[in-house]
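Letter by letter, the chains look like this.
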Amino acid sequence: MKKLMVVMVLLVSGALGTPSASLAASDQDSEGGKMERVVIQYKEEIDLNVLKNIPHTIHYRYDSLNSVAVTIPGNKISELKGETAVKSIEEDGQVQVSFQESSWGTETVKMNQSRSMGLSGEGIKIAILDTGIASKHPDLNVAKGISFVQGTKGYEDDNGHGTHVAGIIAAQDNEIGTIGIAPDAEIYAVKVLDEKGNGMNSEVVAGIDWAIDQDVDIINLSLTSCKPSDLTKNAIKKARNAGVQVVAAAGNKDVCVSENIDDILYPARFPEVVSVGAVTKKLDGSDYTYDGPSLDFTAPGARIESTYITNDEYPTGYATMSGSSMAAPHVTGVLALYHQLFPELSNSEIESLLAANSLDKGAAGKDNTYGYGVAQAPTTPFKDFDRSHWYSSAVENLSLGNLISGYADGTFKAKRSITREEAVAMVGRALQLNGEERATDFPDVSPGSFGSGYISAGTSSGFISGYTDGTFRPKQAINRADVAMIIDRAFNVEGSSSERFSDVREDAYYYESVNDLKAAGFISGYPDGTFHPSNEITRAEFSLILSNVMNQ
């Protein structure tokens, strides 16, 4: 496979203003001084009088950030720094994005499981600040776009990078090409890089400001810079304060090679940004992307297939590329699914949930290679799901099978004792019994109760019988002994083992059931060899037992 590498050079600044110019810029001023593009930040409001006697071109004006992007003679910078109204002057510095050369990425982040829950990014607006997007690509649907690249009139992609990023996020589910993680999300094309992948900080920040005005939910920045910019940081803070989540690539090691880099690149390194590094198909940290203490998450970034501009080299409109530029849009797409599932949660809460759901690799907890782990799309509808817990796989499996639904507040409450009605309902769903609400043989079970149909079916099937006084006590917490009885009878568990729990007597009504489940490997008891049959069982414990039986 031919390897493709493109190095993107761009720059970032503050809030969008109207470009204006008092003097066309050239490489040198009239006195032979070298012209330099800088960002002037004022202490208070913008005061253009400080430029009155200096040859200059104003590229962007950022009123909300008290800043302007200008080209001025380099020998005038020191003079301007001495002006009372000027707070600082910084280079309109370079940022660089690099990529090389599949669809394995969407499987790795568990897109298909999210899709089974009805999640597709619907209602979520995403701005992609890049080289533009191919507007006529049959696998992409651009809601709106704009270009901040001088000399261009539209957002059409003349490089390919932006179209590739867009496809990872939102390629359509239309039976052709690839499918994005959030195919129903609205994508906004913000062209800030030219056909060579070059741009300026000020243009990127102008794009950020435009995206804020469009009321987008997420901004994707698959671009990097070797050095920090205060104006860039302020622009990102402005986005964050406006409720916009900003996702950025950690950067590839083929850029900033002359710098002493001990962390990820900018703007991903800013704390307001969700930073993303790349992993390989084996989920190893890639040796070509930066890592460090500022890294938040990792995602697939090696040989990712996605949409591309159509040209002689790529006549199909698809290409395979690698890099943190490809990893970042995986996380952007995943975040779109979380926002769709939990629209009431804040960005910080969504990010905490993503951390809890991520696949922890490397050292336990957050580390420099994987951050919080490999990002995973939501696979349960529960706000309190945490992949690090011992029962997480069981809850995930049962949720995907629609066997558990949680509580009205969107939580699972794993440590809460499970009731008799809840337990029977879960078993009934697993057996695909008729759960239609109806009258039962028990006077204390309301015909309109959520579990009444499964209680009726369970009685008919013979795996529940109630108490000697004729009641079922549906809201009572079920104990471990009764769970063993119900599971054993419902699934006809067979097992033979000489090992016995020391606290399970041979004359106990649940003796055979407990030992059947133990012999089959569905229960293990406590480290001291006991079972504690009279103890209440938690929702987590019951889920693990039922999942074990279902997966036998």
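Residues numbered from 1 in each chain as written. Predicted model: local features only at pLDDT ≥ 70, side-chain atom pairs only at ≥ 80, totals over all residues. Heavy atoms only, no water.

**Structural notes on the overall build of the protein chain**
Helix and strand counts for the protein chain stand at 14 helices and 15 strands. Referenced to the eigenvectors of the C-alpha coordinate spread, the extents of the protein chain come out at roughly 105 × 50 × 45 Å. Within the protein chain, buried positions represent 58% of all 552 residues. Only carbon and sulfur atoms are counted for the fraction: they give 45% of the accessible area of the protein chain, which is about 22900 Å². (Helix = DSSP H or I, 4+ residues; strand = E, 2+ residues; numbered from the N terminus. Buried < 20%, exposed > 50% of the residue type's maximum accessible area, 1.4 Å probe, protein only. Areas by Shrake-Rupley, 256 points an atom, 1.4 Å probe, with all protein chains shown as cover.)

**Observations regarding the pattern of salt bridges**
Taken as a whole and judged by the stated rule, the model has 18 salt bridges. Residues glutamate 396 and arginine 387 are paired through a salt bridge, measuring 2.9 Å at the closest nitrogen-oxygen approach. Here glutamate 422 makes a salt bridge to arginine 539, at a shortest N to O gap of 3.5 Å. Of this pair, glutamate 422 sits in helix H10 (residues 420-430) while arginine 539 sits in helix H14 (residues 539-550); the two residues are 117 residues apart in sequence, bridging distant segments of the chain. The exposure class of glutamate 422 is buried, given its relative accessible area of 14%. One connected set of salt bridges, linked through shared partners, spans Arg37, Asp92 and Glu203. (Salt bridge = Lys/Arg side-chain N within 4 Å of Asp/Glu carboxyl O.)

**Comments concerning the layout of surface pockets**
Estimates place the volume of the largest pocket at around 270 Å³. Lining the largest pocket are 14 residues; nearest its centre among them are Arg480, Ser524, Gly525, Glu541 and Leu544. Of all the elements, H14 adds the most residues to the lining of the largest pocket, at four residues. Residues belonging to the lining of the largest pocket are distributed by class as follows: eight nonpolar, four polar and two charged. (1 Å grid on protein atoms, 1.4 Å probe; cavity = no way out; pocket = protein on both sides within 12 Å on 5 of 7 lines; lining within 4 Å. Points joined across faces, edges and corners; volume = space filled by probe spheres on them. Nonpolar A, V, L, I, M, F, W, Y, C, P; charged D, E, K, R; others polar.)

**Quick word on helix H6 (residues 230-241)**
Over its twelve residues, H6 runs 16 Å from end to end, which matches the ideal 16 Å to within 8%, given 1.5 Å per residue. Of the positions making up H6, those classed as buried are Leu231, Thr232, Ala235, Ile236, Ala239 and Arg240. Glycine 243 lies just past H6 and shows a positive phi near 90°. (Expected span 1.5 Å × (residues − 1).)

**Here's the deal with the nonpolar core**
By size, the foremost hydrophobic cluster in this structure holds 54 residues, and its most contacted members are Ile126, Ile128, Ile133, Ile187, Val247, Val331 and Leu354. Here this core takes nine residues from helix H7 (residues 324-341), the largest share from any one element. When residues no more than four places from it in sequence are discounted, the contact partners of isoleucine 128 are Ile133, Gly162, Val165, Ala166, Ile169, Ile187, Tyr188, Ala189, Val190 and Asn220. Listed in part, the 49 residues of the second largest apolar core include Ala414, Ile418, Ile455 and Phe463. (Core = buried A, V, L, I, M, F, W, Y, C linked by side-chain atoms within 4.5 Å. Contact = heavy atoms within 4.5 Å.)

**Some remarks on the packing of helix H9 (residues 392-400) against H14**
Where H9 contacts H14, the two axes come as close as 8 Å, and the packing angle between them is 65°. For the element pair H9 / H14, the angle class is roughly perpendicular. Handedness of the H9/H14 crossing: left-handed. Between H9 and H14, the residues in contact are Ala394, Val395, Asn397 and Leu398 and Ser543, Leu544, Leu546 and Ser547, respectively. (Axes fitted to C-alpha atoms, helices over the stretch in contact; angles between N-to-C directions. Parallel < 35°, antiparallel > 145°, perpendicular 65-115°, else oblique. Left-handed = near helix turned anticlockwise from the far one by under 90°.)

**Some remarks on the sheet that holds strand E3 (residues 57-62)**
The strand order across the open sheet formed by four strands is E3-E4-E2-E5, and the pairing between neighbours is antiparallel. The open sheet terminates on both sides in strands that have one partner only, identified here as E3 and strand E5 (86-91). In this sheet, adjacent strand axes meet at a mean angle of 25° when their direction is disregarded. Note that E3 and strand E4 (residues 67-73) share five bridges and pair antiparallel. Within E4, the position partnered with arginine 61 by the bridge is valine 68. Its contacts with the sheet place helix H5 (residues 201-213) against strand E2 (35-42), E3, E4 and E5, and it is angled at close to 30° to E3. Strand contacts of H6: E2, E3, E4 and E5, with the helix running at about 50° to E2, the strand carrying the most contacts. (Pairing = 2+ DSSP bridges.)

**Points about the confidence of the model for the protein chain**
The share of residues in the protein chain with pLDDT of 70 or more is 92%, and the mean pLDDT across the chain is 90. Of the regions scoring below 50 in pLDDT, residues 1-27 engages in 126 contacts with residues more than four places distant in sequence or in other chains. Below pLDDT 50 for its whole length, residues 98-102 participates in 37 contacts with residues either more than four positions away or in separate chains. (pLDDT = per-residue confidence, 0-100.)

**Side note on the sheet that holds strand E8 (residues 142-147)**
Taken together, the seven strands give an open sheet; going across it, the order is E8-E9-E7-E10-E11-E12-E13, and neighbouring strands pair in parallel fashion. Taken across any chain shown, the strands that pair with only one partner, and hence form the sheet edges, are E8 and strand E13 (297-300). The average undirected angle you get between the axes of adjacent strands in this sheet is 25°. Where strand E10 (residues 218-221) lies against strand E11 (residues 245-249), four bridges are found, and the strand directions are parallel. Looking at the pairing, leucine 221 lines up with alanine 248 of E11. Contacts from H5 reach strand E7 (125-130), E8, strand E9 (186-191) and E10, with the element oriented near 170° to E7.

**So, the pairing of E8**
Direction of pairing for E8 relative to E9: parallel, over a ladder of five bridges. By the bridge assignment, lysine 144 is partnered in E9 with tyrosine 188. On the question of chirality, the crossover connecting E8 to the parallel E9 by way of helix H4 (residues 161-170) is left-handed. (Right-handed = clockwise from strand over helix to strand, strands pointing away.)

**Here's the deal with the state of the cysteines**
Evaluation of the coordinates by the stated rule reveals one disulfide. A disulfide bridge connects cysteine 226 with cysteine 256, and the sulfur atoms are separated by 1.9 Å. In this structure the cystine formed by cysteine 226 and cysteine 256 twists about its S-S bond by roughly -95°; its chirality is therefore left-handed. Of this pair, cysteine 226 sits in the loop between E10 and H6 while cysteine 256 sits in the loop between E11 and strand E12 (274-279), and the two are 30 residues apart along the sequence. Residue cysteine 226 shares its accessibility class with cysteine 256, and that shared class is buried. (Disulfide = S-S within 2.5 Å.)

**Side note on the packing of aromatic side chains**
Per the stated rule, a full pass over the model turns up eleven aromatic pairs. Taken together, a centroid distance of 5.2 Å and an interplanar angle of 50° make the contact between tyrosine 266 and phenylalanine 270 tilted. Like phenylalanine 270, tyrosine 266 is buried. Grouping aromatic residues by their ring pairs yields a cluster made of Tyr60, Tyr62 and Phe148. A cation over a ring is seen here: arginine 420 above phenylalanine 472, with NZ or CZ 4.5 Å from the ring centre. Stacked on the ring of tyrosine 467, the Lys or Arg arginine 473 has its end atom at 3.8 Å from the ring centre. (Phe/Tyr/Trp six-rings, centres within 6.5 Å; stacked < 30°, edge-to-face > 60°. Lys NZ or Arg CZ within 6 Å of the ring centre and 35° of its normal.)

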